[in-house]
Amino acid sequence: MTTGGDVREGPGRAELSVDVRARTGSHDRDAALVEAVLDALPSPTVLLDPDGRLLLGNTAWSRRASTYDDERVQHGVGSSYYDNILNLWDDEVSRGLVQSLRELSRGERDEVSLDYSITHPSDSVTRWYHVHASRMDQAGHVVVTHTDISSRVQAEQAVTWRARHDELTELPNRPHLHELIDVELQRADGRPVSVLFLDVDGFKDVNDSFGHDVGDGLLRELAGRLVANTRVHDTVGRLGGDEFVVLCRDCDADGAEALARRFQSTFARPFDLGGRPARLTGSIGIATVQGSDAPRTRSADLVRDADLAMYAAKAAGRNGIRVFTPDLRQAVQRKVRVAAELREALGTDQFVLHYQPIVHLPTGEVEGVEALIRWQHPDGGMVPPGDFIPVAEQYDLIDPLTRWVLGAATRQAAEWNRAGVPLVVGVNVSATTLASGTLVDDVAEALASSGLPPERLIVELTETSVAEDPERAAAQFAALRISGVEVSIDDFGTGFSSLGQLVNIPAGVLKIDRSLVAGALGRRSQSAAAIAAVVGLGQACGMRSLVEGVETAEQLALATELGCTFAQGYHIARPMPADELMGWLSARPVTRARNRLGRSAGRLLAARR
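This one's a predicted model, so the numbers in the text were calculated from it and none came from an experiment. (Residues numbered from 1 in each chain as written. Predicted model: local features only at pLDDT ≥ 70, side-chain atom pairs only at ≥ 80, totals over all residues. Heavy atoms only, no water.)

Colleague: Report on the overall build of the protein, specifying residues and quantitative values.
Modeller: A count of helices and strands for the protein gives 23 helices and 23 strands. Sequence separation of at least 24 residues holds for 63% of the intrachain contacts in the protein that already meet a minimum separation of 6. Carbon and sulfur atoms make up 51% of the accessible area of the protein, which amounts to about 29300 Å² in all. (Helix = DSSP H or I, 4+ residues; strand = E, 2+ residues; numbered from the N terminus. Contact = heavy atoms within 4.5 Å. Areas by Shrake-Rupley, 256 points an atom, 1.4 Å probe, with all protein chains shown as cover.)

Colleague: Go over the pairing of strand β7 (residues 142-148) with me, naming the residues and quoting the values.
Modeller: The buried fraction of β7 amounts to 5 of the 7 residues, a majority that puts the element mostly inside the structure. Relative to β7, strand β6 (residues 125-135) runs antiparallel, the two being bridged by 7 bridges. Following the sheet pairing, Tyr129 is matched in β7 by Asp148. Hairpin connection of β6 to β7: 6 residues between the antiparallel strands, including Gly140 at a positive phi of 105 degrees. (Buried < 20%, exposed > 50% of the residue type's maximum accessible area, 1.4 Å probe, protein only. Pairing = 2+ DSSP bridges.)

Colleague: How would you sum up the confidence of the model for the protein? Please name residues and give values.
Modeller: Low-confidence regions, as indicated by low pLDDT, have predicted coordinates that should not be scrutinised in detail. Across the protein, the average pLDDT comes to 85, with 88% of residues at 70 or higher. Scored below 50 in pLDDT, residues 2-24 makes 46 contacts in the model with residues more than four places away or belonging to other chains. Note on residues 601-609: pLDDT is under 50 here. Beyond four places in sequence and across chains, it has 14 contacts. (pLDDT = per-residue confidence, 0-100.)

Colleague: Before we move on, could you go through the side chain of Thr169 and cite the residues and values that matter?
Modeller: In this fold, Thr169 is placed in the loop between α5 (150-164) and α6 (174-185). Here Thr169 falls in the buried class, since its relative accessible area comes to 13%. Side-chain polar atoms of Thr169 contact the side chain of Asp166, separated by 2.6 Å. Here Thr169 is in contact with Leu219, Arg220, Ala223 and Arg238, once residues within four sequence places are set aside. (Polar contact = N/O pair within 3.5 Å; in protein donor to acceptor, adjacent residues only side chain to side chain.)

Colleague: Please provide a residue-by-residue account of helix α7 (residues 203-210), values included.
Modeller: Residues three or four positions apart in an α-helix share a direction because the helix packs 3.6 residues into each turn. Regarding α7, the residues found buried are Phe203, Val206 and Asn207. Taken around the axis of α7, the buried residues stretch over an arc of 95 degrees, which confines them to a single face. In α7, those exposed residues whose orientation departs by more than 90 degrees from the buried face are Lys204, Asp205, Asp208 and Ser209. The inward-facing, buried residues of α7 contact β8 (193-200), α8 (212-228) and β11 (271-273). Looking at the residues trailing α7, positive phi occurs at Gly211, about 100 degrees. (Arc of directions from axis to C-beta.)

Colleague: If you had to explain unusual backbone geometry to someone new, which residues and values would you point to?
Modeller: The backbone of Glu170 sits at a positive phi, close to 65 degrees, despite the residue not being glycine. Among the secondary structure elements, Glu170 is positioned in the loop between α5 and α6. According to the relative accessible area criterion, Glu170 is exposed, its value standing at 53%. Positive phi, close to 60 degrees, is recorded for Asp396, a residue that is not glycine. The topology assignment puts Asp396 in the loop between α12 (389-394) and α13 (398-418).

Colleague: Tell me about the pattern of salt bridges, and name the residues and values.
Modeller: Scanning the entire structure with this criterion turns up 29 salt bridges. Among the ionic pairs, Arg127 bridges to Asp148, the shortest N-O distance being 2.8 Å. Of this pair, Arg127 sits in strand β6 while Asp148 is found in strand β7, placing the two residues 21 residues apart along the sequence. The partly exposed category is assigned to Arg127, whose relative accessible area is 24%. One continuous salt-bridge network, built from bridges that share partners, spans Glu184, Arg187, Asp189, Arg191 and Arg249. (Salt bridge = Lys/Arg side-chain N within 4 Å of Asp/Glu carboxyl O.)

Colleague: So what's going on with the packing of helix α15 (residues 439-450) against helix α17 (residues 470-483)? Residues and values would help.
Modeller: Contact geometry of α15 with α17 gives a least axis separation of 9 Å together with a crossing angle of 20 degrees. Taken together, the axis directions place α15 and α17 in an arrangement best described as roughly parallel. For the pair α15 and α17, the sense of crossing is right-handed. In contact with Leu439, Val440 and Val443 of α15, α17 contributes Gln476, Ala479 and Leu480. Its residues assigned to classes, the contact of α15 with α17 comprises 5 nonpolar, 1 polar and no charged. (Axes fitted to C-alpha atoms, helices over the stretch in contact; angles between N-to-C directions. Parallel < 35°, antiparallel > 145°, perpendicular 65-115°, else oblique. Left-handed = near helix turned anticlockwise from the far one by under 90°. Nonpolar A, V, L, I, M, F, W, Y, C, P; charged D, E, K, R; others polar.)

Colleague: Residues and numbers for the sheet that holds strand β14 (residues 321-323), please.
Modeller: Sheet architecture is open: 5 strands sit in the order β9-β10-β8-β13-β14, paired in mixed fashion. Two strands bound the open sheet, and with one partner strand each, they are β9 (235-240) and β14. Strand after strand, the sheet turns through a mean of 20 degrees between neighbouring axes, direction not considered. Sheet topology note: the β9/strand β10 (residues 243-249) ladder contains 5 bridges and is antiparallel. Paired with Arg238 across the two strands is Phe244, which belongs to β10.

This is the structure we're talking about:
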């Protein structure tokens, strides 16, 4: 305990020459009691006179001071507590503390309570104390307690840090990034601010092939590369997944493009995927704002614009850089508007089906039709599928749209069948529907509701959609064919499926893409050779071939000569409504033979076996 009286300087602290226990008299007993109470407190505690001079300091106070080899914290009895505080750190907080203690001593406030930090020069360690002061008497004596709260503050800081940073890469996370961008946008100097949005091309394939642990390692490695290639005052953050955002301060669009090219160059070095080197690419979008537009821009808007530019770069072939322009936002707004109108159209019967005839080349008979959806927009007229199907896929509308097509097509085919016109109807199905796993049930429900025999229906999927998940496709194809429904692989020749996948896919029809037909200028052309090869491949796999996009008599004759089984195209007939189709059929032969396009009884039994 240090107390008032003669002071003897000892090693590291001030000591008294007076033994307080030897005092006599009421006053001395009261003083000894105060000293004992202060000394019993575990936190460093001092008693100040009305002028702020140190009258008493308990053992905890002396012990804490002695741990630092710094004269500024060796506050001896009789020294000015206020001066000592300002000598340690003369800043606004310290001056405020001294002022508050003076006011407390004068009775102008009830207590003083605040958290206070000190960075000690001896070890550069910052410690936090909760300072609490109370007035003891009318004379203005003040007791000040210093509770070390460093552990609590450090724990709180760690929680705060984790809340603002990505756990995997330790980069700023989404909320913290938006905070930083908003701060930068509100600067009054009008300097340009750019945001780069980077996405790893094919990252899902990395996770699917090597596992999420390897994918996490890739993200950490990429984070380090991005940080190493930014300027000192730029900030790299991770939004989530494989999406990174870079805040570029005082950086215009040209500077942002230069930085984006630097990022792309980092992909030239292979990444370590579980001990295997692999080269990857990234797509980068850039959005920039400057001048008076900056304060009116939100971080969410700037990041969204960079995101749109990134998707435009990815759509253009990946591994590219795209700077945001207003037309990108307008295109998204159009998609959102179309999606809303599509939802309304599904409930207000705005869709119709047109049917394009399919002929059996050896006989010239009409064997079936392909059902093609059209949107009768109340303001825009007849809208072709290419203008709304991609929007339906993006906004989760393709499944209800597919169910509508299946229902309408099977009801129409059942009506024809009852009228003695046994046409097979083909329905295109999206890869999204294949991935959802509802295809088999949707087809079964449509057949049951319409009463159409299953062998009168063909389900068509593109080669690329089959190649995305061949095992899932094979399982659903097999279930459809066992039920009696035929399966066709559409646009064959444009996808990436292997011969091994083709052999294992239980399909009955290969539709040769129109691009091969358009290039077949003669039997000796490369396109003609490709068509002949596809026909032979299909025959070897037990499949019939259907050539689409036939637009001239020469193309039709060549398809027949090359051994194609079926054909469709504008030279034969354009897609037309159901009532027009009946008029068109009245002048042409319609098959009355066994089912050659759909599932025949023999093929059905073979599939069941």
